[in-house]
Amino acid sequence: MNAPLSAPLLPDVQPRPLPADALAALQARFQARCSTALAVREQHGRDESAYTHIPPPAAVVFAESTADVADALRIAAQWRVPVIPFGVGSSLEGHLLAVQGGISLDVSRMNQVLAVRPEDLTATVQPGVTRKQLNEAIKHLGLFFPIDPGADASIGGMAATRASGTNAVRYGTMRENVLALEVVTAGGEVLRTGTHARKSSAGYDLTRLFVGSEGTLGVMTEITVRLYPLPEAISAAICSFPSVEAAVRTTIAIIQMGIPIARCELLDARTVRAVNAHSKVGLREEPMLLMEFHGSPSGVQEQAEMVQAIADEHGGQAFEWATTPEERTRLWTARHNAYFAGVQSRPGCRAITTDACVPISRLADNVLAAVAEADAAGIPYFMVGHVGDGNFHMGYLIDPDDMAERAAAERLNQALVERALASGGTCTGEHGVGLHKMGFLRAEAGDGALALMRAIKAALDPHDILNPGKIVAR
């Protein structure tokens, strides 16, 4: 380890004042689209993280164009006011919280699909476009955008956090699927990175620098993404197992045999139970894999038969197929609601979510140890995983006002991350760093790499106004 691991029980809140002159300038420029109403500020001052007592931003600005974003940042830069980009608010790691005050810059009204190029398999969208909106706009062309983090997140937020999700095992993450960006810098300058070409070796890869920067280096105003042809055939299957270990061993065998499975999701028995209660789907309340296969009809059949044979070897049972769109939608809707099902299983709770990703060969060890530790601690939890790419999530369900429960959950989280890093993995496979994983990032990256990240931040945002207090904060 390069540094001790740590996750703060509560964030460090150091609000900066919003000068009256700065607010007046924002109100003059944006008029009714600059709000200081408490209800609006509170809506923009919370996310899905377990941090529930952070003061809201001092104001909310609703941007509708790149010019709006540039002007808002120029005003903020003049008075050194923090700016926190806001999409749909589905963050899990405190990305949106105004720990240093300032303004929330809401880009949800920038929701236009600007261009679709079917011949090139690309689309350019504004940051407020959601993944479902984009797929609805392109499905008549026989195309789809595969990145699916579960929530109907905005493309801007997905790029900012380098999101992935259920399809990553076959189609990759936002890192591989963003080709070009339009970005507004901390000083209000508009710049473009990347091209519509599939590859480039021209200079520093600025596109990848901004993808995953979580709003700390610039505000994305246009994103060009890869599209894919809709598969000729799609089939989904569920299979129950006698244990979590059997399900994980099956996944490892599938991946190591090179079977091109599109999705491979793990739910433990308690998560299946919560999903049944929430979505009324009647699944067997045992550890379960939910899988999907894409390709030609014969290819899909061959993949599925190979997977079923592997599952049989590990005690898999009740293998059920879903070939119609309605059946698949029912299953995947239930899976996407697993987070909310878990949270609702303990009324009034919040979830401290883990997001480790490990080499596939170390997946079983890490998952089983995390489950054993959670069971021994007695804290309610749920467990799901995009296990096809070694990514799994524990959701520790805590009373947000009970510091003893929070501390116990953080100890479990720390043990899980330590084990993942020792296995050659990462503290976050897709949720990003935000507030919650800053200490973990230091341990993973090391002091030298973290110092370089801070130098990049200082060069691009010298007055630390872009989502300050996150990722690389001191």
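Provided above is the structure to which this section pertains.
Basis of the calculations
- Residues numbered from 1 in each chain as written.
- Predicted model: local features only at pLDDT ≥ 70, side-chain atom pairs only at ≥ 80, totals over all residues.
- Heavy atoms only, no water.
- Helix = DSSP H or I, 4+ residues; strand = E, 2+ residues; numbered from the N terminus.
- Rg over C-alpha atoms; globule rule 2.2 N^0.38 Å.
- Buried < 20%, exposed > 50% of the residue type's maximum accessible area, 1.4 Å probe, protein only.
- Contact = heavy atoms within 4.5 Å.
- Lys, Arg positive; Asp, Glu negative; His and termini not counted.
- Charge placed at Lys NZ, Arg CZ, Asp CG, Glu CD.
- Pairing = 2+ DSSP bridges.
- Axes fitted to C-alpha atoms, helices over the stretch in contact; angles between N-to-C directions.
- Salt bridge = Lys/Arg side-chain N within 4 Å of Asp/Glu carboxyl O.
- Phe/Tyr/Trp six-rings, centres within 6.5 Å; stacked < 30°, edge-to-face > 60°.
- Lys NZ or Arg CZ within 6 Å of the ring centre and 35° of its normal.
- Core = buried A, V, L, I, M, F, W, Y, C linked by side-chain atoms within 4.5 Å.
- 1 Å grid on protein atoms, 1.4 Å probe; cavity = no way out; pocket = protein on both sides within 12 Å on 5 of 7 lines; lining within 4 Å.
- Points joined across faces, edges and corners; volume = space filled by probe spheres on them.
- Nonpolar A, V, L, I, M, F, W, Y, C, P; charged D, E, K, R; others polar.

Draft legend 1. View of the overall build of the chain. Tallying secondary structure elements over the chain gives 17 helices and 19 strands in all. Computed over C-alpha atoms, the radius of gyration of the chain comes to 22 Å, within 12% of the 23 Å expected from 2.2 N^0.38 for 474 residues, which places it in the range of a compact globule. With the C-alpha coordinates of the chain rotated into their principal frame, the extents come out at 70 × 55 × 45 Å. Buried residues in the chain amount to 57% of all 474 residues. In the chain, the proportion of contacts linking residues at least 24 apart, taken out of those at least 6 apart, comes to 73%. Across the chain, 41 positive and 51 negative side-chain charges occur, with their mean positions spaced 4 Å apart.

Draft legend 2. Spotlight on the side chain of Thr-224. By the secondary structure assignment, Thr-224 is in strand β10 (residues 219-226). In contact with Thr-224, not counting residues within four places along its chain, are Arg-117, Thr-122, Ala-123, Thr-124, Asn-177, Val-178, Leu-179, Ala-180 and His-196.

Draft legend 3. Focus on the sheet that holds strand β9 (residues 190-194). Read across the open sheet, the five strands follow the order β5-β6-β10-β8-β9; overall the sheet is antiparallel. Edge positions in the sheet fall to β5 (113-117) and β9, since each has one partner strand and no second. Ignoring which end each strand starts from, the neighbouring axes of this sheet average 10° apart. Where strand β6 (residues 122-125) and β10 come together, four bridges link them in antiparallel fashion. Looking at the pairing, Thr-124 lines up with Thr-224 of β10. Relative to strand β8 (residues 178-184), helix α3 (residues 66-79) is tilted by about 50°, and along the sheet it contacts β8, β9 and β10. On the sheet, helix α4 (residues 131-138) packs against β5, β6 and β10 and is oriented at approximately 45° with respect to β5.

Draft legend 4. Examining the pattern of salt bridges more closely. As enumerated under the stated definition, the model contains 27 salt bridges in all. The partner of Asp-148 in a salt bridge is Arg-263, with the nearest N and O atoms 2.7 Å apart. Of the two residues, Asp-148 is situated in the loop between β7 (143-144) and α5 (155-161) and Arg-263 in strand β13 (residues 263-267); the sequence distance between them amounts to 115 residues. Owing to a relative accessible area of 4%, Asp-148 belongs among the buried residues under this scheme. By relative accessible area, which is 8% here, Arg-263 ends up buried.

Draft legend 5. Representation of the packing of aromatic side chains within the structure. Taken as a whole, this structure holds six aromatic pairs when the rule is applied. Their ring planes at 90° and their centres at 5.5 Å tell us that Phe-144 and Tyr-171 sit as a pair that is edge-to-face. In this pair, Phe-144 is assigned in strand β7 and Tyr-171 in helix α6 (residues 168-171), connecting sequence segments 27 residues apart. Tyr-171 matches Phe-144 in its accessibility class, with the two residues each being buried. Pairing Phe-319 with Trp-321 gives two aromatic rings, centres 5.1 Å apart and planes at 55°, and the pair type is tilted. Judged by relative accessible area, which is 38%, Trp-321 ranks as partly exposed. Taken together, the aromatic side chains of Phe-144, Tyr-171 and Tyr-228 make up a single cluster linked through ring pairs. A cation over a ring is seen here: Arg-270 above Tyr-381, with NZ or CZ 4.0 Å from the ring centre.

Draft legend 6. Up close: the pairing of strand β4 (residues 103-106). Neither face of β4 is open: one carries Ile-103 and Leu-105, the other Ser-104 and Asp-106, and all of them are buried. Both strand β2 (residues 59-62) and β4 contribute to a ladder of four bridges, which runs parallel. Note that in β4 the partner of Ala-59 across the bridge is Ile-103. Bridge count between strand β3 (residues 83-86) and β4: four bridges; the pairing is parallel. By the bridge assignment, Ile-84 is partnered in β4 with Ser-104.

Draft legend 7. Fine view of the nonpolar core. Among the nonpolar cores identified, the biggest contains 53 residues, and Met-291, Leu-363, Met-394 and Tyr-396 are the most heavily contacted of them. For Tyr-396, the residues in contact, after removing those within four places along its chain, are Arg-350, Ala-351, Ile-352, Thr-354, Ala-374, Ile-379, Pro-380, Tyr-381, Ala-409, Leu-412, Asn-413 and Leu-416.

Draft legend 8. Just empty space enclosed by the protein, in detail. A complete count under the given rule lists three cavities of 30 Å³ or more for this structure. Around the largest cavity sit Ser-49, Ala-50, Tyr-51, Leu-92, Glu-93, Ala-351, Ile-352, Thr-353, Arg-406, Glu-410 and His-436, which together line it. For the lining of the largest cavity, the secondary structure elements donating two or more residues are β16 (350-353) and α15 (403-422). The greatest single-element share of the lining of the largest cavity, amounting to three residues, is contributed by β16. For the lining of the largest cavity, a count of residues per class yields five nonpolar, three polar and three charged. Taken as a whole, the second largest cavity encloses approximately 40 Å³ of empty space. In terms of lining residues, the second largest cavity is bounded by Ile-238, Leu-267, Val-275, Leu-283, Met-288, Leu-290, Leu-331, Ala-334 and Arg-335. Among the elements of the structure, β14 (288-295) and α12 (325-336) are those that each provide at least two residues to the lining of the second largest cavity.

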